[in-house]
Amino acid sequence: MYPETFEGFAIPSAKEWDQPKRFEFKPKPFGDYDIDVKIIACGVCGSDVHTATGGWGNKNWPLVPGHEIIGHAVKVGSKVTTVKVGDRVGVGAQISACLDCPTCKDDNETYCKEQMDTYGSVYPDGTLAHGGYSSHIRALEHFTFPIPDKLQTELVAPMLCAGLTAYSPLVRNGAGPGKKVGILGIGGIGHFGVLFSKALGAKTYAISRTSSKKDDALAMGADGFLETRVDGWSKEHEMTFDLILSTASSNDDFDLAPYLSLLKVHGKFIAVGLPEGEGWRVSPQSLLSNGCLIGSSHLGSRKETLDMLKLAADKGIKSWVETIPVGEAGCGEALRRVHENNVRYRFTLTDYEKQFK
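About the criteria used
- Residues numbered from 1 in each chain as written.
- Predicted model: local features only at pLDDT ≥ 70, side-chain atom pairs only at ≥ 80, totals over all residues.
- Heavy atoms only, no water.
- UniProt positions renumbered as here; feature names shortened; annotations may be inferred.
- Helix = DSSP H or I, 4+ residues; strand = E, 2+ residues; numbered from the N terminus.
- Expected span 1.5 Å × (residues − 1).
- Buried < 20%, exposed > 50% of the residue type's maximum accessible area, 1.4 Å probe, protein only.
- Contact = heavy atoms within 4.5 Å.
- Polar contact = N/O pair within 3.5 Å; in protein donor to acceptor, adjacent residues only side chain to side chain.
- Pairing = 2+ DSSP bridges.
- Right-handed = clockwise from strand over helix to strand, strands pointing away.
- Axes fitted to C-alpha atoms, helices over the stretch in contact; angles between N-to-C directions.

The name recorded for the chain in an unreviewed UniProt entry is alcohol dehydrogenase (NADP(+)), from Stachybotrys chlorohalonatus. The Subunit (unreviewed entry) field of the UniProt record for the chain holds the comment "Homodimer." Among the UniProt annotations of the chain, the heading Sequence similarities (unreviewed entry) holds the following wording: "Belongs to the zinc-containing alcohol dehydrogenase family."

Take a look at the structure:
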């Protein structure tokens, strides 16, 4: 008998952010373009922690996090054409958009005014969307992606948010042969920045406060490493970078000026990290010497997701992942360790069949 309700591990409240509890929930009504996915793995994202702690202002409890989902399609809507029952598929951090506005039609559905996050959003019928620390997810076809056979389940899961968050701005801002790219912050997103920047053909430098991750960054393929706590760290490289992708998740003691000085004339500083708090202060003088540009990026389009997965399969790109069994204990431990930056460089929850019969 097909389940009318799904099960997951939900955060009860911000005070209990690392104490998820088993939770039964009803998904939104099934539509013609919907796909039900029986989950087999899910990445653990920094966004899960920010949401669970209430740091990003979440008010909807209990809530099942998780938006780096891999599973098998077990039910498909009558108008679905890209997925069939049994296919291994992925669902990322976006679950819906209008798909009809000029933004959506220009492959920018991640910027649609009606875009919905995979968990924490509220559907028009009032149903709260829950994520991938659960038995199943009901997802729109447009945001459900066939996974290439060559990609290993636990390694591909984190690409669906962290990977895409790095890949999209790299592609959109010209990372490729003949370009020099800096990846600021070597964490979950940053390590994908190094992997994808190199795969796209750019000369790639890892940028971090200390040298603790230098060996890892070089093993990922970085051409160089800049340690920002060393006096004069930026001098040799001033006005030589075409692009800096900032994945930094902290504002503490962060002075933007020396990073901007690395950029060529009209070079770009693209921020994808989302620190809590008020953000950075930028002096106009810091922009003047090279006319540099500051921007940001949100996830990526369906087209970019499919291109990223193909690139990963073609180039044999492997995420740096630790696995942990899904469950109340496993989810809680993963959230705590991500909060403490105690993972290199991404968690994937596994062993779903042991929790959800």
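A.B. asks: Got a minute to help me understand helix α9 (residues 302-315) in this structure?
C.D. replies: The periodicity of an α-helix, 3.6 residues per turn, causes residues three or four positions apart to be oriented the same way. Between its terminal C-alpha atoms α9 stretches 20 Å, which fits the 20 Å expected from 14 residues at 1.5 Å a residue. Taken together, the buried positions of α9 are occupied by R302, E304, T305, M308, L309, L311, A312 and A313. In this fold, the buried residues of α9 make contact with β9 (144-146), α3 (153-156), α4 (162-172) and α5 (188-199). Two to three positions downstream of the cap, the backbone nitrogen of K303 sits 3.4 Å from a side-chain oxygen, assigning the N-cap of α9 to S301. Backbone geometry just downstream of α9 places G316 in the positive-phi region, at approximately 65°.

A.B. asks: Would you take a moment to explain the pairing of strand β11 (residues 203-208) for this structure?
C.D. replies: Regular strands have side chains that alternate between both faces of the sheet. Summarising burial for β11: five of the six residues are buried, a large majority. Bridge count between strand β10 (residues 180-184) and β11: five bridges; the pairing is parallel. By the bridge assignment, I183 is partnered in β11 with A206. The parallel pair β10 and β11, bridged by α5, forms a crossover whose chirality is right-handed. Here β11 runs beside strand β12 (residues 224-227); their pairing, made up of four bridges, is parallel.

A.B. asks: Which parts of the structure should I look at to understand the sheet that holds strand β15 (residues 293-296)?
C.D. replies: In any sheet, the strands associate via hydrogen bonds between backbone groups, in a parallel or an antiparallel arrangement. Taken in spatial order, the six strands line up as β12-β11-β10-β13-β14-β15 in an open sheet, and their pairing is parallel. This sheet does not close on itself; its edge strands, each paired only once, are β12 and β15. For this sheet, the mean inter-axis angle between neighbouring strands, taken without regard to orientation, is 20°. Each of β10, β13 (241-246) and β14 (263-271) touches α4; the most contacted strand, β13, lies at about 160° to it.

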